[in-house]
Structure formats: structure tokens, C-alpha cells
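Per-entry structural report
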Amino acid sequence: MIHLDLSPPLLAIYIPLVGALLISLAGRWPNLREAVTLLTAGALLWVVAGITPKLLAPDFWAIYAKAPPLRIVEVLPGVWLELKVEPLGMLFALIASSLWILNSLYSIGYMRGNHEHNQTRFYVCFALAISSVMGLAFAGNLFTLFVFYEALTLTTYPLVAHKGTAEAIRSARTYLGILVATSVCFLLAGIVGTYVYTGDMAFRPGGVFTRALADGRLTAPAFGILFLLYMYGIGKAALMPMHRWLPAAMVAPTPVSALLHAVAVVKAGVFSVLKVIVYVFGPAALVRYGAGEWLIYVAGFTIVAASSVALFQDNLKRRLAYSTVSQLSYVVIAAALLSPLSITAAALHIAAHAFGKITLFFAAGSIYTAAHKTEISQLDGIGRKMPFTMAAFTIGSLSMIGLPPTAGFISKWYLLQATWETDAPFVLVVVVLSTLLNAAYFLPIVYRAFFVAPPSREHLKHLSSADGEFGDETSHHGHDAHHHHQHHHGDHGDHGEAPWPIVVALCCTAAATIAFFFYSDLAISLATQLRRGLP
């Protein structure tokens with residue numbers, strides 16, 4: 001029996017679904033289609049923002065413990081698809097829904113500016129992906145989390161393969177292969193194991209294994225193995241060696257890279273890791289049985305190794321991809337410290353990283369749309385022609401390094417505080433090292449854009465061979481696109497800023513990155529509320 005009541009968490013899942021349907025119906029009229037996209041995104045943010053005040057109430061946890069979950073449908077006897085709102089999911093839903101509006105505006109400028117094909121399919125899949133994100137954010141048990149986690153992988157596959165070239169399809173296959181294999185082999189096994197030992201798949205603050213561990217049904221080694229299954233089963237968190245899908249997914253058009261690989265898909269990974277640590281295993285149990293210590297070292301290795309790989313990438317989007325792998329493990333390493341403060345830091349970094357990284361991807365797509373440049377070595381002097389884009393890029397870079405006055409500083413502050421509190425010298429060394437590495441691979445790009453003279457005209461003519469976003473954009477789509485390409489490369493030296501929707505969107509995300517530094521109260525309140533729920 002399916003319950004179709006329209007309470008806000010369910011509405012948050014339905015709105016993008018209805019939006020996807022309307023977008024596909026309006027496909028023949030681009031202006032109408034894009035208006036529907038923006039309206040859907042606005043409606044979603046309105047619904048999600050409406051839920052927030054309840055979560056900030058001082059007596060929230062007392063009400064939460066008593067409130068029954070919102071049950072949608074019984075799939076197997078005793079196994080329900082159910083929703084329940086808690087502070088971490090609320091934070092994730094707020095980030096995804098607010099950035100979807102800006103990303104939709106950006107997509108309009110990007111898809112039209114690059115004359116991309118199959119635009120309707122693109123917007124439909126995007127709305128479906130956001131619907132999956134909402135389901136994931138508000139999931140009330142492990143089964144629901146798994147269903148929406150898989151739905152997110154499947155709805156984003158067509159977006160990664162969007163260009164339809166051989167390379168795009170190969171990369172999309174890597175993306176799908178790694179994400180589905182990890183979740184079906186490890187995550188599903190972990191969820192079934194949890195159900196067998198506890199008879200329960202609900203999320204409970206402080207974990208569900210306490211009784212099974214106390215009466216000896218679950219031994220400490222088995223508890224550790226379950227934890228390992230979850231951590232590697234959530235492949236979207238991109239812990240090495242399960243990170244290869246992320247750089248592969250960069251063949252997608254930039255709006256996909258921006259929302260999915262800065263906000264939705266990768267954040268779904270670290271969000272699930274944090275949610276599982278807080279609500280399934282429980283930090284106290286993990287500390288008592290020593291099951292989570294290895295995660296600190298794996299995440300630390302991922303942070304430093306991915307930053308080191310990023311240092312040697314010349315393709316801008318690849319460098320951003322490896323930077324994302326490294327930043328995601330910040331969330332994992334903070335969660336793995338298992339102290340109340342570090343869990344706050346992990347939740348805050350999910351928010352802080354989103355604003356900075358989406359700005360960086362927006363800037364990369366803006367450079368590609370206006371100048372058709374994809375390599376960092378081609379960016380000499382581009383800041384003079386594209387001042388807004390490169391100023392936004394600079395703000396995003398400072399946030400990744402963790403300098404004030406940007407969002408990245410807030411989460412780094414909490415992480416360092418937690419590091420001292422838990423007495424973890426290894427984490428301190430990792431944070432310091434990766435901060436230096438971040439500076440080493442972002443600041444030269446900024447320096448090159450503003451302080452190096454642009455190449456001369458003759459040099460440009462010599463270089464005017466077509467470069468694709470991932471080396472594959474030249475095999476564009478048909479004759480028109482080819483014609484458009486030649487036209488673009490003809491005026492290589494004379495480009496200015498990208499189309500206005502792109503510039504407006506990236507200026508907004510850059511402004512949000514700075515605003516987060518001054519007005520981070522909402523995120524901090526939600527992260528603190530999450531910590532308060534721990535027994």
C-alpha cells in the first residue's frame with residue numbers, strides 16, 4: 001500500500017519528479033523548458049527551507065525519538081521505504097536545493113553557449129538526480145538510503161555519458177561500474193548483515209549495535225568487518241582505491257561536474273559515511289571496540305595522495321576532480337576522529353566545500369565556453385579578459401586552501417580544534433600538508449591568469465588547434481556544431497566573458513562562499529544539533 005500524503009519531506013522528492021515530467025513535455029520550447037526548471041528548483045528550495053525551523057528547536061531530539069517515521073511503501077515484510085528528517089540530512093538537502101537554482105541558471109548559459117545536443121534529456125535527468133538526492137537526505141532507514149543511493153547513480157549515468165562520444169561512454173561505464181559494484185557487493189552486504197544482527201535498519205543516534213555487542217551475538221571482529229563493508233561500499237565517498245570513477249566522470253558537461261561532483265553525488269557519499277557512523281555504528285561503540293581507527297589512515301592517505309596527483313594535472317577539470325577526491329576525505333577523516341567536535345567539523349565541511357568547489361567548476365566551464373581553453377598551461381593572462389570568472393575562481397581557490405574570509409576556513413577551524421581535542425598528531429600533519437598542497441596547485445593558476453602576459457597574436461594562430469573539454473569536444477555533433485567550432489576558434493584571441501547566465505551564477509556562488517564565512521550560523525546550528533543527539 002503506497003501512502004501519498006503530501007508532508008514536506010515527501011513533497012521534496014515529488015517536486016523534482018513532477019518537474020522532470022513537465023520539462024520533458026516542454027522540451028520543444030526551450031524558453032518554457034528552462035523556466036520550468038528554474039520554477040521547480042525554486043519550489044524545492046521553498047519546501048526544504050520550510051522544514052528547517054523544526055530541526056533547530058531545543059527539544060528536537062525528544063520529539064524525534066517519539067515521532068514515527070513517514071512510511072511510503074512496504075517492500076518486503078517489515079522492510080519499509082520510509083523517511084525521517086534529522087539535522088545532517090537537512091543540511092545536505094538545503095545545500096543541494098539552494099545550489100540547484102544557481103546551477104540551473106548556469107546550465108542555461110552553458111548548454112546554449114556550447115550548442116549542446118539533447119538538452120531536454122539533460123534537464124530531465126538532472127531533476128531526477130535531485131529527486132534522488134532529496135530521498136537520500138531524508139532517508140529514515142538503511143534500506144531507503146540504499147534505494148535512493150542507487151537511484152542517484154542510475155539517474156546521473158546519462159548525464160556523464162551526455163556527449164555520446166566513445167570516451168564519454170567509456171568513462172560513464174567506469175563510473176557506473178565502480179559505483180554499482182561497490183554498493184551491491186559491499187554496501188548491500190553490510191546492510192543485510194546489520195539487519196541479521198539487530199533486526200533493525202532504522203537510524204538511531206548512537207548506533208543500533210549496542211545490544212548485539214553487549215550480549216555477544218556480534219563479536220568485535222565481525223563489527224569491524226561490517227564497518228569496513230560500509231566504508232568501501234559507499235563508493236561515492238571516493239576513498240582510495242575506489243576513487244577512479246570521479247576523474248572519469250569529468251567528461252560530462254561542466255554543469256554536471258559542478259552540481260554532481262561538487263554537491264550531489266560526491267556529497268551523497270560522504271553524507272552517507274557520516275550518517276552511518278553517527279546513526280548506525282555510533283561513535284562510542286566504534287571507539288570502545290577500536291573498529292574505526294584504520295579509517296583515519298586511509299582517509300589521510302587519500303587526502304595527501306589525491307592532492308599530489310592534482311599537482312601534476314594540466315587539464316583544469318582533472319585537477320579539480322582530484323582536488324575533490326582529497327577534500328571529500330577531509331569529511332571522512334573528521335568523521336573518523338569520532339569526537340562530537342569532529343562530527344560537527346565533518347558536517348560543516350560538507351557545506352563549506354560545496355560552495356567553493358561549485359564556484360571552481362563554474363569558472364572552468366566559463367573559460368571553456370568563452371575561450372575554448374581546457375588546459376592550465378593555456379590560461380596566461382586570461383584574468384584580464386575574464387575578470388569576473390577569474391575573481392570567482394580565486395575566491396573558490398582560497399576556500400579550498402581554507403583561508404579567511406571564505407567558507408573553507410570555518411570547517412578547517414573546527415577540524416583543527418577536533419584534532420587537538422582528540423590528540424591526533426597524524427591528522428594535524430595531514431591537514432597542514434594538504435593545505436600546502438592545495439595552495440601549490442591552486443595559486444599558480446590564479447597567478448598565471450592575472451600576472452602573466454597573454455600570448456601574442458602569432459602564437460595564438462599557431463595554437464588554434466581545437467582543444468576539447470576532455471580532448472573530445474572536437475568530435476562535436478554534426479555539421480552545425482563543427483561550423484560553430486571553427487567560428488569560435490577564429491576569434492580565439494578576442495573573447496570576453498562567457499554568456500551572462502554563467503557569469504551571474506558563478507558570481508553568486510563566489511559571493512555565497514564569502515557569505516558563509518560571515519553567516520554560517522544556520523550550518524553551525526544544524527551541525528551542533530547533530531552532535532547533541534549523540535548519547
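Residues numbered from 1 in each chain as written. Predicted model: local features only at pLDDT ≥ 70, side-chain atom pairs only at ≥ 80, totals over all residues. Heavy atoms only, no water.

Next up on the list: helix α14 (residues 316-336). Two residues of an α-helix separated by three or four positions point the same way, owing to the 3.6 residues in each turn. The end-to-end C-alpha distance of α14, which contains 21 residues, comes to 30 Å, matching closely the 30 Å that a straight helix rising 1.5 Å per residue would cover. Counting buried positions along α14 yields 20 of 21 residues, so the element is predominantly enclosed. For α14, the capping residue at the N-terminal end is N315, with a side-chain oxygen 3.0 Å from the backbone nitrogen of K317. (Helix = DSSP H or I, 4+ residues; strand = E, 2+ residues; numbered from the N terminus. Expected span 1.5 Å × (residues − 1). Buried < 20%, exposed > 50% of the residue type's maximum accessible area, 1.4 Å probe, protein only. Polar contact = N/O pair within 3.5 Å; in protein donor to acceptor, adjacent residues only side chain to side chain.)

Now for the state of the cysteines. One pass over the structure, following the stated rule, counts zero disulfides. There is no disulfide at C507, and the cysteine sulfur nearest it, in C508, is 7.1 Å away. (Disulfide = S-S within 2.5 Å.)

This next bit is on the confidence of the model for the protein. Residue-level pLDDT values for the protein average 88, and 92% of them are 70 or greater. Low pLDDT, under 50, characterises residues 464-469; the predicted model gives this stretch 24 contacts beyond four residues in sequence or across chains. Segment residues 471-492: pLDDT under 50, and 40 contacts once partners within four positions in sequence are set aside and those in other chains are kept. (pLDDT = per-residue confidence, 0-100. Contact = heavy atoms within 4.5 Å.)

The subject of this paragraph is the packing of aromatic side chains. Going through the model one piece at a time under the given rule, you end up with 26 aromatic pairs. Between Y297 and F426, the aromatic rings sit 4.7 Å apart at their centres with planes inclined by 45 degrees, giving tilted as the arrangement. Here F426 lies in helix α19 (residues 425-451) and Y297 lies in helix α13 (residues 293-311), a separation of 129 residues in the sequence. Taking relative accessible area as the criterion, Y297 reaches 44% and is therefore assigned partly exposed. Linked through ring pairs, F209, F223, F227, Y230, Y232, F281, Y289 and W294 together constitute an aromatic cluster. (Phe/Tyr/Trp six-rings, centres within 6.5 Å; stacked < 30°, edge-to-face > 60°.)

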